[in-house]
Amino acid sequence: MSFPKQFLSPSRFMFVLSSLPRTKLFVNVSGVLQRYYEVPTFSHEFSHSNNHSQNYPVNKMKMEDSQLSNNKKVVVRRVNGMETMNIAFSFQGKNYNLLRGQSETLERTFTRISHNFKKLAEKANKKRVKKLKVKNDASTEAGTPENDHGCLVSIPECSIFHNGTQLVSLEAQNIDAWVDGAIFRIGDLESYDVEVNLPTVLKLKLSSHIIADCPVFPLLETEFADEEDCLFSWYSEVANGVQDENDCADNKWQLISTRRVFTPTSEWIGRRLLLKCIPMKGVRQGKTVQSEPSSEIVGGPENVPFVKRHRWTTERTTGKEFRVVSYNLLADVYADSEFARDFLFLHCPPEFLSADYRQQLVLKEIIGYHGDILCLQEVDKGFFTRLLQPALATDGLDGVLLCKSGGIAEGGAIFYNRNRFRFIGQHDIVLADKLREDPTNSDILDLLSKAPRFLESFTTRSSVAQVIVLEDTSNPGRKMIVANTHLYFHPNANHVRMVQVLMILRHLEQLLDMYSKQDPGSSFSIVFAGDLNSNIKSGVYQLISSGVVPANSAHWYTAGKDEFCGGMELGHGLRLRSACPDLPYTNFVPGFMDTIDHVVYTEDAIGVSRVVPMPSHEDVTRLTAMPNEVFPSDHLPLVCDLHWLDEPHLQTSSESSQ
């Protein structure tokens, strides 16, 4: 039989090997090939840090099979701009995960690999020597000494080949050696295909509180994968099922869905769910990852008011109609806090304030409205990224998030039906910056400077306006500017909110003028929605709906003399009208109820087809106030169907200023 030359290399480490049955290897005794022993599988998992804090992502979840075992692949993680790279492979049933410099030579990396093989062998041989000593002592006493040759074996040489047969020089840098399609060999024992940046699932988790009839969206984090390409398999626990290859631990499971989203019905109550995900990017496929089994599915609340509203929105709008939804979701940072539980929402049991519970109801409610344009406020950044955006994407909606200024991790989100609208542009503003930096607002800046306290109150606010421009896919000549905002909340700050909304209205006029000049053949309209923290008697609503607030308006005095600037007439010419007038309230909490959420539109281009009825007062007050078990927010969403007018009038900024 032939023997590879590198196995006899004196430069390789030699170590005593036990004869426990394992994979067969040739051995070398005193430089002469005499016999072969069987290599034991050493119980060790190596993770080399090399004093670097960046480690290869280790997924602690259960896998369908070992991340790297028996697949004859080397998985290399290499990120541009990083000094290090990860090299992960399995040898003799054990996983190795090395962190090496991208510019390091192949020789140094191979030396490190050999060093770790040697350490494992030495550890095993210490145990063997001790065992042999015991055996020899026993044999001596019995008069039959055991013969042990103390055989030595060389560590196999490592090598990398490009294009199948081209041996890579040991002087090559790791970044040039470990490339897609390369072959990594450990002597004649193993041969591995090198795969760089394999699609990987970093995190797969199910909600800790799964409610029947609510869609379940997994928390998924991937690397080098396209989440739209990933494959999903949902399993349900079966009490008397037949155990098969899909079993997890001692429980029995059956495949129930292959979609990313699963909505368990009441028949699943009391059972657990399990999800498997295969990360993909095009045709590239990573290793299957399995979530931990969920908690038992529980029954959802009964008599949910928004389900009644869904009867009006069972189908999406078509033709010239489009559905607009404006909804303050109640950010988790305000709902699930000690202050909220002990003061703001004392009426609501804490379990119904938790994010896991509320977010499932929010998703079910929003999806059930089948909206074409969603203007959402108080959207947690984490909720948007992990659940809201991917969930609504499966429903045909694309969205963008704009957090409030000052590092606040919640803000506004606009979603739009990608089949009905095409995204053209985004023009967000921070309202305080708009006042200071836009020369056209110098008159307002001068006015507020007369009352430094007023100016401070305005410029220290984190309020923003989210503005996108959409094009009707069925009629590209129709364009729409969509604005979404959440104005300052303080009850004695009507004067601040008036100036805030003026900044937004002036910004919309500027955009209208700019786009009209760029595309004179198209018609432009405006939909402006949000939580304005202002009722229909406020200066904010008066300015929006009538187009003017006089200089002597009482709304300039809402904060008293300290913040009175003397007043100034404010105006615009956008001809806006409310889509949902005469509502009793949109916000209902202990001690307060009022209509502070609004949807307005340009009346010369858009009309109102219908407004989805609000929940009855009996439904709202059945559990005292909002939020509660059936209302996930302290606000009610506005849902209205609008339509394009047959002959929209092309409004320009020159007309709006008249």
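What you see is a predicted model; the values in this text were computed from it and never measured.

Parameters and conventions
Here the residue numbering is sequential within each chain, running from 1 through the sequence in written order. It should be noted that, the model being predicted, local features are given only for residues of pLDDT at least 70 and side-chain atom pairs only at 80 or more, the latter also being counted only at that level, while totals for whole chains, interfaces and linings use all residues. Side-chain metrics rest on all non-hydrogen atoms present in the structure, leaving aside hydrogens and water. Helix numbering and strand numbering both begin at the N terminus, where a helix is a DSSP run of H or I of at least 4 residues and a strand a DSSP run of E of at least 2. Note on classification: 1.4 Å probe, protein chains only; a residue is buried when its accessible area is under 20% of the maximum for its type, exposed when over 50%, partly exposed between these limits. Where accessible areas are quoted, they stem from the Shrake-Rupley method and a 1.4 Å probe; at the residue level, only the protein chains shown are allowed to cover. Per residue, pLDDT captures the predictor's confidence, and it can take any value from 0 to 100. Any two residues having at least one pair of non-hydrogen atoms within 4.5 Å are treated as being in contact. In these notes, a set of buried Ala, Val, Leu, Ile, Met, Phe, Trp, Tyr and Cys residues joined through side-chain atoms within 4.5 Å is what counts as a nonpolar core. Between N-to-C directions, angles span 0 to 180 degrees; the directions come from axes that are lines fitted to C-alpha atoms, helices contributing only their stretch in contact. The labels follow the angle: roughly parallel below 35 degrees, roughly antiparallel above 145, roughly perpendicular from 65 to 115, and oblique for the rest. Any two strands are treated as partners once DSSP identifies two or more bridges connecting them. Pairs of N or O atoms are called polar contacts if they sit within 3.5 Å, as long as, within protein, a hydrogen donor faces a hydrogen acceptor (for residues adjacent in sequence, only side-chain-to-side-chain pairs).

## Remarks on the overall build of the protein chain
Here is step 1: Secondary structure assignment for the protein chain yields 14 helices and 37 strands.
Here is step 2: Put simply, the protein chain has 658 residues, and 52% of those count as buried.
Here is step 3: Summed over all atoms, the accessible surface of the protein chain reaches about 29,800 Å², with 50% contributed by carbon and sulfur.

## A word on the confidence of the model for the protein chain
Here is step 1: Per-chain confidence: the protein chain averages 85 in pLDDT, with 82% of residues scoring 70 or above.
Here is step 2: The low-confidence segment residues 1–71, where pLDDT is below 50, has 175 contacts with residues more than four positions distant or belonging to other chains.

## What to know about the nonpolar core
Here is step 1: Counting 72 residues, the largest nonpolar core has Phe-322, Leu-376 and Leu-388 as the members making the most contacts within it.
Here is step 2: Among the elements that line this core, the one with the most residues is helix α6 (residues 355–369), at 7 residues.
Here is step 3: What Leu-388 contacts, discounting residues up to four positions off in sequence, is Leu-329, Leu-363, Ile-366, Leu-376, Val-379, Phe-383 and Phe-415.
Here is step 4: Core analysis: the second largest hydrophobic core is formed by 43 residues, Ile-481, Met-503, Leu-512 and Val-600 among them.

## What to know about helix α10 (residues 452–459)
Here is step 1: Taken together, the buried positions of α10 are occupied by Phe-454, Ser-457, Phe-458 and Thr-459.
Here is step 2: The inward-facing, buried residues of α10 abut α8 (431–437), α9 (442–449) and α11 (494–518).

## Re the packing of α11 against helix α12 (residues 539–546)
Here is step 1: Where α11 contacts α12, the axes come no closer than 8 Å and their chain directions differ by 30 degrees. Our classification of the angle between α11 and α12 gives roughly parallel. Listed contacts from α12 to Asn-494, Arg-497, Met-498, Val-501, Leu-502 and Leu-505 of α11 are Gly-539, Val-540, Leu-543 and Ile-544.

## A few points about the environment of Ile-210
Here is step 1: Mapped onto the elements, Ile-210 comes out in the loop between β13 (200–205) and β14 (219–223).
Here is step 2: When the C-alpha atoms of Ile-210 and Asp-356 are compared, they prove to be 8.2 Å apart, with 146 residues separating the residues in sequence.

## Regarding the sheet that holds strand β20 (residues 289–290)
Here is step 1: Strand order in the open sheet formed by 4 strands is β16-β15-β17-β20, and the pairing between neighbours is antiparallel. Strands with a single pairing partner mark the edges of an open sheet, and in this sheet they are β16 (253–257) and β20.
Here is step 2: Sheet topology places strand β17 (residues 273–278) next to β20; 2 bridges connect them, and they run antiparallel. Paired with Cys-277 across the two strands is Val-289, which belongs to β20.

## A closer look at unusual backbone geometry
Here is step 1: The peptide bond linking Met-626 to Pro-627 adopts the cis configuration, its omega dihedral lying at -5 degrees.
Here is step 2: By the secondary structure assignment, Pro-627 is in the loop between α13 (617–621) and β37 (638–644).
Here is step 3: A positive phi is found at Arg-575, a non-glycine position, where the angle reads about 55 degrees.
Here is step 4: Residue Arg-575 is classed as partly exposed on the basis of its relative accessible area of 34%.

## A look at the environment of Asp-336
Here is step 1: When you line up the elements, Asp-336 lands in the loop between α4 (332–335) and α5 (338–344).
Here is step 2: Under the relative-accessibility criterion, Asp-336 is labelled partly exposed at 31%.
Here is step 3: Apart from residues no more than four positions distant in its own chain, Asp-336 is found in contact with Arg-341, Leu-353, Ser-354 and Ala-355.
Here is step 4: One polar contact links Asp-336 to Arg-341, side chain to side chain, over a distance of 2.7 Å.

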